[in-house]
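For reference, the chains in residue letters:
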Amino acid sequence: MPNQELRVVQHISTGLYQRDPKVFAYSFTQEWPLGGQQHQLSYTIPYQAGPDAPNGFGDIALNYRYQLRGEEHWA
């Protein structure tokens, strides 16, 4: 997956709902380019609720991605 273009912020939401037993899980991710398309920073915040698992927000993940080569090298 290529990194985000300059001045483009991507928002990613994922969710799961299960009826029996009732379980709800959700995560929100936001990705930002840093000065250009070669460097990207993102964070993810997870949340879950259910009878057999800890409820609430989980550990926040911070990620950095470096794109070594661009689309012009994909041939």
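### Quick word on the pairing of strand β1 (residues 10–18)
Here comes step 1: Pairing analysis gives 9 bridges linking β1 to strand β2 (residues 23–33), with the strands arranged antiparallel. Bridging across to β2, S13 finds its partner in F28.
Here comes step 2: What sits between the antiparallel neighbours β1 and β2 is a turn of 4 residues.

### Side note on the confidence of the model for the protein chain
Here comes step 1: Confidence along the protein chain averages 87 in pLDDT terms, with 87% of residues attaining 70 or more.
Here comes step 2: Averaged pLDDT values over the elements of the protein chain bottom out at 94 in strand β5 (residues 61–66) and peak at 96 in strand β4 (residues 56–57).

### Considerations on the packing of aromatic side chains
Here comes step 1: For the structure on display, the rule yields 4 aromatic pairs.
Here comes step 2: Grouped by ring-pair contacts, the aromatic residues F24, Y47 and F57 constitute a single cluster.

### Considerations on the environment of Q18
Here comes step 1: In this structure, Q18 sits in strand β1.
Here comes step 2: Look at Q18 and you get partly exposed, because its relative accessible area is 34%.
Here comes step 3: Sequence separation of Q18 and G50 is 32 residues, and the distance between their C-alpha atoms is 9.4 Å.
Here comes step 4: Within the structure, the side chain of Q18 is placed 3.4 Å from the backbone oxygen of P21, a separation counted as a polar contact.

Thresholds, definitions, all that
Residues numbered from 1 in each chain as written. Predicted model: local features only at pLDDT ≥ 70, side-chain atom pairs only at ≥ 80, totals over all residues. Heavy atoms only, no water. Pairing = 2+ DSSP bridges. Helix = DSSP H or I, 4+ residues; strand = E, 2+ residues; numbered from the N terminus. pLDDT = per-residue confidence, 0-100. Phe/Tyr/Trp six-rings, centres within 6.5 Å; stacked < 30°, edge-to-face > 60°. Buried < 20%, exposed > 50% of the residue type's maximum accessible area, 1.4 Å probe, protein only. Polar contact = N/O pair within 3.5 Å; in protein donor to acceptor, adjacent residues only side chain to side chain.

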